[in-house]
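What follows is each chain in one-letter form.
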Amino acid sequence: MPPALAALESRPVWWCKTVDPGFDVAAVPAGVDVRVVLPDLSEFADTRDRLRAAGVPFRAVRHWLEQEEVSTTTATAWLSDVGGVVPERCESVVGEGARAARLAFEMVWDLHEPVPADDVPDPVPVERFVPADWARFLPFPVLNPAQAQAAPHLVDGDSHLLITAPTGAGKTAMGMLAVLKAILHEGRKAAWLVPQRSLTDELDRELEAWRDEGLRVERLSGEYAVDVEAVKAADLWVATTEKFEAICRASSLQAALGEVGCLVVDEIHLLGSPNRGALLEALLARVRGIDSPVRIVGLSATVSNAAEVAEWLEADLVATTWRPSKVTWQLPTIPAASGFTANNRLREQVVIDLTHRHTAEGGSVLVFCGSKRNVRSTAMAIAAERGAPVHTVAPDDIDGLTKACAEVGVRLHYADYEHKHAAERAFRARQADVLVATSTVAAGVNLPARAVIVRDVSIGGEPIDTSTVLQMFGRAGRIGAGETEGWSYLVVDETQRADWQTRLVAGYSVYSRIRDSLPDHVLAEVLQGRIGTMDDAQAWWVETLAHAQGDDDLEPVQEAVTFLVDEGHLTMTGDRLDITELGRLTARMMVSTHTGHRLRRTLGLLPVPHDPDEAENALSLVLSVAVRDLAGIPVPEPVRPAVATVIKAGGKTSQITNTTSVKGLGSQTSTAPGDLAWAALLLAARSPHLFDSPKRRVAGGIPLATLHPVYEQAPRFLAWLAAQGVLGTVHPWIAVVAADLDHRVRWRSLAPGRGAGRLLWMCEEMATRAHLRDVVPDLWRSAVARGVRAPDWPPGRSPAGCVLDHAGYTALLRERTTNHTLAAHADNATVTGGTGATAIAWRGRTWSAPTTSATVAYPPSEDDDATETGVAVFTRRGDYRATGWLDAYTGINTEDTPPPPARTRRGLGR
Ligand SMILES: Nc1ncnc2c1ncn2[C@@H]1O[C@H](COP(=O)(O)OP(=O)(O)OP(=O)(O)O)[C@@H](O)[C@H]1O
Ligand SMILES: [Mg+2]
């Protein structure tokens, strides 16, 4: 045994968790610390009497099911007597596993220490902490003990704060106090960051009352641009980290940002999250430190290294311990896998048994599964146990399953499940007492339950991480449901038990993730003027959490800078670093530099396509594969044949017939990463009519809900490629086709056909950023109804509905490529007529530098057989046109797509 462990284990203990009514402690030698945790059931009354008589301390715990013996150096657990499992002895563990077993024992022990009734602190009236006129902004007249502990720090202090509190302890009201201090006391703005867009909605609703009281609360979210004036005027911004960072990177809001005095960061422990942590770290690295003009108030779940994070922020740590309810977690242990099916069945039986135990006494149960398929089978099994006739429901009959389950109080929830919101509502309203869900519900959504059962230790085939389990556990016993006690379970097999016990005892620790995306953050700092030299870059690195956690090697930053220079995002002159236009574009659009690199490199390898079909297919495919967020969207099993069919038909659903569709492969149909995105983009490009009705729920056999994530993410990357046309950093064909696709995907509900991109661009410019959503559809519909195909109409009065003033409209007309005439000759290309556009000529895969002169020479060819030449023009504002087959993108081709019927209220009439 290592000496450190020996020191820790110097005290002889014999701690038992038992579910055996015959349990006895007769044989324990004197001087050993004996303790027992056992069920509070009546059949254990004699056992408890025996323990009392022997002077052995014990805790009687409701719903107790674990059996384990923890001695000084070893721990031995038994399989749990639940779901028909025969309780047998598991293998003993020593070392870390044994130590974790001791800590776990201590946790239940402390949790169930009887509290004398008069020890429970009373709620405190808010007026004790805050000026009387603040009370009307607070949702409760009293503060709970956790809030009362934090309030003086929030209201009287000025330093940064890191407040840790268990789930459900009421951190929202703590954030409110920090915000009110900034707005009402200091006359400054505040920003409140949350990790997910759904949470901005939730918080926005909670702050609705503030609007009635005259505070200007602006929610920054949505796929469209924000209304800059409203944002500038706001007192409080509610935003996701991504959206807030986008604002930090935009030039238009710099002055407003300077007025922000307080930054509330909800769930600040997500600093350690692999996906979103880095961005938050970069943001906090800018404002941390004692002389910062912005006060950080971080609200966090209980994390084991909170002190380390607080030290990095130079924040005061307020670690609250009061919890609104007490949650007992246990690890029901099943035999190690004896095959996939048997293992699944066992887990299901355990879930059914535990669910029954809690619902039988009026509790509600939330079951988390690792896959949608497990959600369905588990819901079905629970429903069957409750007597629902689910065996008559066909495996793919979702509506049938939904109905059968609902009749016995069981609901389902997973990402693309049509009835998920109804399920959430029913569960919250207690019309259902069981909700079986995938992990998607765990993050954030306030769904209280008495018991939480985590059925699987993997999600979508990947091992589940500790923080996710803790987050799921946090749903149990939420006070919101009037509960004061909760139970959480993670079903493990005997080989996993010690490891999970160790992980859960250690809890969630925050570790920096910024190294994975270092170039992105360096670039963002250069954009914002905080890094101008290599020395600055190194000084910035020192401010990060990564550095504070011991990553003090400077090489990663130097490598990041070199990468950015190689990629054309930065230039280095002597010691000076300057951002290029490409760098600015990339940082503003929040495109990851690694993704950008993959996209440009892969596209650069493609031969120049010969027609729009080929071009759209190639671009869609590369985007789907090179952008990780798109490549990673899984194809749900039931829609695999549909996805394969759509790809085979090139997205033209009119060409899908019985003989061309891919059928009968079911779950065997294999799909490659990116296939869903590829199919989605092809559908938008080739079958735009599928998107014209808000009632439609399926396109090409694929539910729109499944396709939706693609349409949310893809436009940003398409727009990034399109904007590079004028910079000459991608081949002109890519910029032109991406521009058209970008607009068509974003406005897919207007069913725009090929070449509609320019007209949509014009409508967007006339609508201005603030009115896109309302004005663009009207302008577009009325233009199309009048036979307008492109923005090439002659100057005159601005159309009805145009938001630009006269001068703005006149300027817009001047900034079109309308008056340019392009001609590709044998040796060079000529551009005549217009002004203000940049021309680029190409031969095969090589293209010339952007120029404003009228004659552009083709570049020398890289490959001998590259004979195809062409020329394109781009304007800074976003218009374009090009020769050859790219002319298809000058205006809407009426043969391809007949114009949709107009639904006009106002429009382009003169
Ligand atoms: N002072 C109070 N009096 C009564 N109810 C309160 C009080 N503070 C909070 N609550 C209620 O407690 C519940 C949990 O509050 P809140 O969502 O703020 O917790 P949280 O700590 O942010 O939890 P999570 O970690 O899940 O985000 C809510 O239903 C809220 O309405
Ligand atoms: Mg919260």
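Numbering of residues starts from 1 in every chain and runs along the sequence as written. Note on labels: chains are lettered from A, ligands numbered from 1, in written order. Where totals are concerned, whole chains, interfaces and linings use all residues; where local detail is concerned, this predicted model gives features only for residues with pLDDT of at least 70, and gives and counts side-chain atom pairs only at 80 or more. Side-chain measures here rest on the full set of heavy atoms in the structure, leaving out hydrogens and waters.

**Q** Any chance you could explain the overall build of the chain here in plain terms?
**A** Working definition: helices are DSSP H or I runs of at least four residues, strands are E runs of at least two. Numbering for both runs from the N terminus. In terms of helices and strands, the chain carries 33 helices and 36 strands. Values of the radius of gyration come from C-alpha atoms, whereas the globule rule sets the reference at 2.2 Å times the count of residues to the power 0.38. For the chain, whose C-alpha radius of gyration is 31 Å, the value lies close to the compact-globule estimate of 29 Å for 910 residues. Seen along its three principal axes, the alpha-carbon backbone of the chain occupies a region of about 105 × 70 × 55 Å. Whether a residue is buried, partly exposed or exposed follows from its accessible area with a 1.4 Å probe, protein chains only, as a fraction of its type maximum: under 20%, in between, or over 50%, in that order. Every one of the 910 residues in the chain was classed for burial, and the buried ones make up 55%. A separation of at least 24 residues holds for 70% of the contacts in the chain among residues at least 6 apart in sequence. Computed with the Shrake-Rupley method and a 1.4 Å probe, the accessible areas treat only the protein chains shown as cover for residues. Working note: accessible area of the chain is about 37,800 Å², and carbon and sulfur atoms make up 51% of it. Any two residues whose heavy atoms approach within 4.5 Å are treated as being in contact.

**Q** Where do I start with the packing of aromatic side chains in this structure?
**A** To describe a pair of aromatic rings, you give the distance between the ring centres and the angle between the ring planes. Centres within 6.5 Å make a pair out of two Phe, Tyr or Trp rings, where for Trp the six-membered ring is used; the pair is then stacked when the planes are under 30 degrees apart, edge-to-face when over 60, and tilted otherwise. Taken as a whole, this structure holds seven aromatic pairs when the rule is applied. Summarising the aromatic geometry, the rings of W14 and F23 are spaced 6.3 Å apart at their centres and angled 20 degrees between planes, so their arrangement reads as stacked. When its relative accessible area of 11% is taken as the criterion, F23 is described as buried. Aromatic pair W15 and F105: ring centres 5.1 Å apart, planes at 25 degrees, arrangement stacked. Separated by 90 residues along the polypeptide, W15 in strand β1 (residues 13-17) and F105 in helix α3 (residues 96-111) bring together distant segments of the chain. Accessibility classification places W15 together with F105 in one group, the buried group. The rings of W15, F105 and W109 are connected pair by pair, giving a single aromatic cluster. Over a ring means this: the NZ of a Lys or the CZ of an Arg is within 6 Å of the ring centre and within 35 degrees of the ring normal. The aromatic ring of F427 is capped on one face by R430, whose charged end is 5.4 Å from the ring centroid. A cation sits over an aromatic face here: R503 above W500, 3.9 Å from the ring centre.

**Q** Just to check I follow, could you spell out the pairing of strand β13 (residues 260-266) for this structure?
**A** In regular strands, side chains alternate between the two faces of the sheet. With seven of seven residues buried, β13 lies mostly within the body of the structure. Here, any two strands with at least 2 DSSP bridges between them count as paired. As defined by bridge partners, β13 adjoins strand β14 (residues 295-300) across five bridges and the pair is classed as parallel. When the sheet's bridge partners are listed, D266 is paired in β14 with L299. With helix α11 (residues 277-287) bridging β13 and its parallel neighbour β14, the resulting β-α-β unit is right-handed. Looking down the strands as they point away from the viewer, one classifies a crossover as right-handed if the path from the first strand across the helix to the second runs clockwise.

**Q** Help me understand a negative patch on the surface in this model?
**A** Patch membership needs two things, relative accessible area over 30% and no salt bridge, and members are linked within 9 Å if like-charged or within 5 Å if nonpolar (Val, Leu, Ile, Met, Phe, Trp, Tyr). The salt bridge definition used is simple: a Lys or Arg side-chain nitrogen within 4 Å of an Asp or Glu carboxyl oxygen. Positive residues here are Lys and Arg, negative ones are Asp and Glu, while His and the chain termini are left out of the count. Charge placement uses NZ in Lys and CZ in Arg. For Asp and Glu, CG and CD serve respectively. On the surface, D552, D553, E555 and E559 cluster together into a patch of negative charge. Here E555 shows up in helix α22 (residues 555-566).

**Q** What is the right way to read the sheet that holds strand β34 (residues 855-857) from this model?
**A** Strand pairing within a sheet occurs via backbone hydrogen bonds; the two strands may be parallel or antiparallel. Strand order across the open sheet formed by three strands is β30-β31-β34, with antiparallel pairing between neighbours. Pairing within the sheet leaves two strands with one partner each, and these edge strands are β30 (821-824) and β34. In this sheet, adjacent strand axes meet at a mean angle of 15 degrees when their direction is disregarded. Sheet topology places β30 next to strand β31 (residues 828-832); four bridges connect them, and they run antiparallel. Paired with A824 across the bridge in β31 is A829. Lines are fitted to the C-alpha atoms to define the axes, a helix being fitted only along its stretch in contact, and any angle between axes, read from their N-to-C directions, falls within 0 to 180 degrees.

**Q** Help me understand the sheet that holds strand β15 (residues 316-319), please; the structure alone is not making it clear to me.
**A** Taken together, the seven strands give an open sheet; going across it, the order is β11-β12-β10-β13-β14-β9-β15, and neighbouring strands pair in parallel fashion. Bordering the open sheet on either side are β11 (217-220) and β15, each of which pairs with just one other strand. Between one strand axis and the next, the sheet turns through 15 degrees on average, direction left out of account. For strand β10 (residues 189-194) and strand β12 (residues 236-240), the ladder comprises five bridges, and the chain directions are parallel. Following the sheet pairing, A190 is matched in β12 by L236. Of the strands in this sheet, β9 (161-164), β10, β12, β13 and β14 touch helix α5 (residues 171-185), which is tilted by about 155 degrees from β10. Sheet strands in contact with helix α12 (residues 306-313) are β9, β14 and β15, and its direction is about 165 degrees off that of β9.

**Q** Help me understand the nonpolar core, please; the structure alone is not making it clear to me.
**A** Note that soluble globular proteins tend to have their nonpolar side chains buried in a common cluster. Of all hydrophobic cores here, the largest spans 64 residues; its most connected members are L619 and L623. Per element, the largest residue contribution to this core is ten residues, and it comes from helix α28 (residues 675-686). If you look at the next biggest cluster of nonpolar residues, it comprises 43 residues, including A146, A151, L154 and L180. In plain words, nonpolar cores are sets of buried Ala, Val, Leu, Ile, Met, Phe, Trp, Tyr and Cys residues tied together by side-chain atoms within 4.5 Å.

**Q** Before we go on, may I ask you to explain the side chain of T653 in this structure?
**A** Mapped onto the elements of the fold, T653 is located in the loop between α27 (640-648) and α28. Given the relative accessible area of 16%, T653 is considered buried. Not counting chain neighbours up to four residues away, the residues in contact with T653 comprise L683, S687, H689, L690 and G700.

**Q** Please explain the environment of H825 as it appears in this structure.
**A** For H825, the location among the structural elements is in the loop between β30 and β31. Assessed through its relative accessible area of 37%, H825 is described here as partly exposed. Taking the C-alpha atoms as reference points, H825 and V393, 432 residues apart in sequence, are found 67 Å from one another. When residues no more than four places from it in sequence are discounted, the contact partners of H825 are T830, Y858 and T869.

Purely spatial values, then, with no claim about function.
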